[in-house]
Every structure is written in structure tokens, then in C-alpha cells.
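Reading the structure
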Amino acid sequence: MEKSDITERIKSLQEKKGFLILAHNYQNSEVQSVADFVGDSLELCKEAQKSPYSNIVLCGVSFMAETAAILNPDKNVYLPEKNAHCTMAQMLTPDAVLALKKNHPSAQVMCYVNSSAEVKSVSDIICTSSNAILLARKIESEEIIFVPDRNLGTYVSKSFPEIKVWLAPAFCYVHHEIYPEDVIKTKEKFPASLILSHPECQDPVLQISDFVGSTSAILKYVSASAEKEFIVCTEEGMLERMRIVHPHKNIISPLMPRLCYGMKKTSLQSVLSVLENPSDKISVPYPIAEKAFIPIKRMMDLSV
Ligand code: 13P
Ligand code: SF4
């Protein structure tokens with residue numbers, strides 16, 4: 001089937017069956033083009049929560065669909081590609097979190113949304129890249145165990161030197177392997193450019209950045225800026241989206257475009273297949289879902 005025919009069929013099935021299609025900023029541009037809403041992790045949670053539709057197709061990775069399903073037990077959430085996973089979310093087990101809790105019993109566990117439902121279920125509050133700083137301030141704890149991303153955890157700890165932050169060893173290969181030397185070399189080629197980075201990058205990259213924020217925050221920064229050239233340190237799907245939204249701005253990858261293989265699994269065909277045959281909705285078993293709901297809800301309530 002031609003791409004235009006697939007797109008048309010998606011639109012007609014979506015309307016007929018009453019589905020909301022959400023896509024993360026890292027999805028390829030074809031998938032983004034059929035979505036009702038494209039955004040960062042927190043925005044996707046909010047859109048799923050306020051959706052008038054009870055059926056949601058979430059184009060992203062499994063932890064995103066799981067989080068939407070836990071938060072909205074009355075809705076049916078579908079992930080078009082069953083094996084679309086976040087590598088970082090798979091790096092940490094709940095036992096590793098429990099061991100950290102045992103060593104630091106008065107610390108609150110702040111868990112990045114890029115984690116399994118099991119890890120969330122043993123955490124005190126969930127955060128995303130867009131609200132981690134706000135929530136670390138709001139929970140008013142003198143000690144935080146930050147899991148799983150050690151780079152985002154380092155970013156939080158540097159923002160609050162008065163808080164003791166204990167880190168887990170996980171990281172995102174897409175961001176961790178953007179090296180400061182590569183960013184500096186790119187900047188030498190484009191001296192007028194600004195450096196914009198996702199907080200999953202390593203601290204030396206964040207140190208030389210003009211702005212640090214979530215995927216959507218980076219897009220908003222570019223939209224609001226009068227500048228024309230930006231080196232963007234995050235996954236390539238975000239850069240693709242920015243090039244479409246801002247065709248007259250120069251959106252530059254640091255040396256090599258970085259790809260998240262989990263995010264890139266979803267295609268127009270997989271979106272169509274899930275609409276044609278919406279079986280296998282995401283279901284998080286009891287009591288994990290019930291326990292994980294508490295820290296997710298706490299995040300949603302505190303991040304308004
Ligand atoms: P955002 O919440 O900033 O979109 O980040 C999600 C993610 O997976 C980054 O790698
Ligand atoms: Fe996970 Fe990294 Fe992919 Fe984001 S870019 S979904 S953190 S592997």
C-alpha cells in the first residue's frame with residue numbers, strides 16, 4: 001500500500017473507531033504526521049489523562065504506554081510495536097532500588113518515568129525531564145535516591161547542592177554517547193550557534209550548553225529564540241520535527257545524528273495494524289499497577 005493510502009486508512013479507522021493517537025517527539029516524521037498530539041513524556045501523560053476517547057494508540061516506547069495505562073485504568077492503551085522498549089528503563093531492577101533504600105532509609109526515591117512499572121511501584125515519586133527540578137524542590141527531602149538515569153540525577157544534584165542525591169548506574173546510550181569533544185568540534189564549525197541539550201546527556205555536555213530541557217522545552221526554546229542556528233544534543237527525531245516546524249532555522253546534530261532504536265520501531269504500517277486489530281491492550285498486573293499509580297499520581301498532582 002502507498003504511504004498516502006496508509007495515512008488515509010489510519011485517519012478513517014481512527015474516526016470510525018474513536019481512537020486518540022499520541023506520538024513522542026522521537027517518532028519518525030511520518031508517524032508524527034498521523035498523530036493528534038506530539039510531545040514529551042509529561043505532555044503525553046497529560047493528553048492521555050484528558051482524552052475524551054477511551055482508546056489510545058501511544059506511539060513511543062513501552063514505559064510510556066504502561067504509564068498511560070496505569071494512570072488511566074478506565075482507558076484502553078495500545079502500543080503499536082510490542083518490542084519498542086527504552087534501553088535505560090530495562091537497566092534497573094526493583095531489587096536494585098530496594099538495596100539503595102536499605103542503605104539510605106531516610107531518602108525519598110525519585111524515579112525517572114523512563115523505568116519499568118515494577119521500579120515505579122517501589123518509588124515515592126515519578127518525574128520526567130521537564131519536571132525533575134520542580135519536583136525535587138517540592139518534595140523537600142534532604143536526601144533523594146534518583147533512579148534510573150545517573151545523568152539526569154547528576155543534573156538534579158547539581159541544581160540542589162544542599163540535597164544529598166544517591167544515584168543508580170543506568171543511562172541512555174543515545175545521550176550518554178554525545179561527547180563534549182564532538183559538541184565543541186561542531187560549535188567550531190558553527191560558531192554563531194547555541195547549544196541545546198537534553199538532561200540525559202553527560203554533565204560536561206550540559207556544562208557547555210546554553211539551554212537544558214525536555215524535548216518539548218528545547219522545541220519551545222527554538223521557537224521563541226531570534227537566533228537562527230542551534231546544535232541540538234538529543235535524539236534525531238526531535239531535530240527532524242524542529243526542521244519541519246522551523247524550515248528557516250539551521251538545526252544541527254552534534255557530529256553524528258543519534259537514533260533511539262526502540263523509538264524507531266514504530267512505522268505507519270504498525271499504527272494501521274493496531275487500529276485494524278486492536279488486541280493486546282497494555283495491561284500492568286495487579287498489585288504492581290496499583291502501587292505504581294501512587295507515585296505517578298503524585299507527580300501529576302505536583303506538576304501543575
Ligand atoms: P522527554 O520527556 O524530554 O521527551 O524525554 C523522553 C526520553 O526518552 C528522552 O530520551
Ligand atoms: Fe530510552 Fe534513551 Fe530511547 Fe529515550 S532515547 S527512550 S531514554 S533509550
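A quick note: this is a predicted structure, and the numbers were derived from the prediction, not measured.

**So, the sheet that holds strand S9 (residues 194–197)**
On the basis of which strands lie adjacent, the open sheet formed by 4 strands has the order S10-S9-S11-S12 and parallel pairing. At either margin of the open sheet sits one strand with a lone partner, and together these are strand S10 (211–212) and strand S12 (250–252). Relative to S12, strand S11 (residues 229–233) runs parallel, the two being bridged by 3 bridges. Within the sheet, the bridge partner assigned to Ile231 lies in S12 and is Ile252.

**Let's talk about unusual backbone geometry**
With the exception of glycine, most residues fall at negative phi, and the peptide bonds are largely trans. Looking along the chain, the bond that leaves Val147 and enters Pro148 is cis, with omega of -15°. In this structure, Pro148 sits in the loop between strand S7 (143–147) and helix H8 (150–159). In this structure, Glu140 takes a positive phi of about 45° despite not being glycine. In this structure, Asp280 takes a positive phi of about 55° despite not being glycine. Mapped onto the elements, Asp280 comes out in the loop between helix H14 (268–276) and helix H15 (288–302). A relative accessible area of 55% places Asp280 in the exposed class.

**So, the sheet that holds S7**
The strand order across the open sheet built from 4 strands is S6-S5-S7-S8, with neighbouring strands paired in parallel fashion. Both edges of this open sheet fall to strand S6 (125–127) and strand S8 (164–167), since each of them pairs with a single strand only. Taken over all neighbouring pairs, the strand axes of this sheet differ in orientation by 30° on average, direction set aside. Across 3 bridges, the pairing between strand S5 (residues 108–112) and S6 is parallel. The partner of Met110 across the bridge, within S6, is Ile125. Here helix H5 (residues 94–103) sits on the sheet and contacts S5, S7 and S8; the angle it forms with S7, its principal contact strand, is near 165°. Contacts from H8 reach S5, S7 and S8, with the element oriented near 175° to S8.

About the cut-offs
Residues numbered from 1 in each chain as written. Chains lettered and ligands numbered in written order. Predicted model: local features only at pLDDT ≥ 70, side-chain atom pairs only at ≥ 80, totals over all residues. Heavy atoms only, no water. Pairing = 2+ DSSP bridges. Helix = DSSP H or I, 4+ residues; strand = E, 2+ residues; numbered from the N terminus. Buried < 20%, exposed > 50% of the residue type's maximum accessible area, 1.4 Å probe, protein only. Axes fitted to C-alpha atoms, helices over the stretch in contact; angles between N-to-C directions. Contact = heavy atoms within 4.5 Å.

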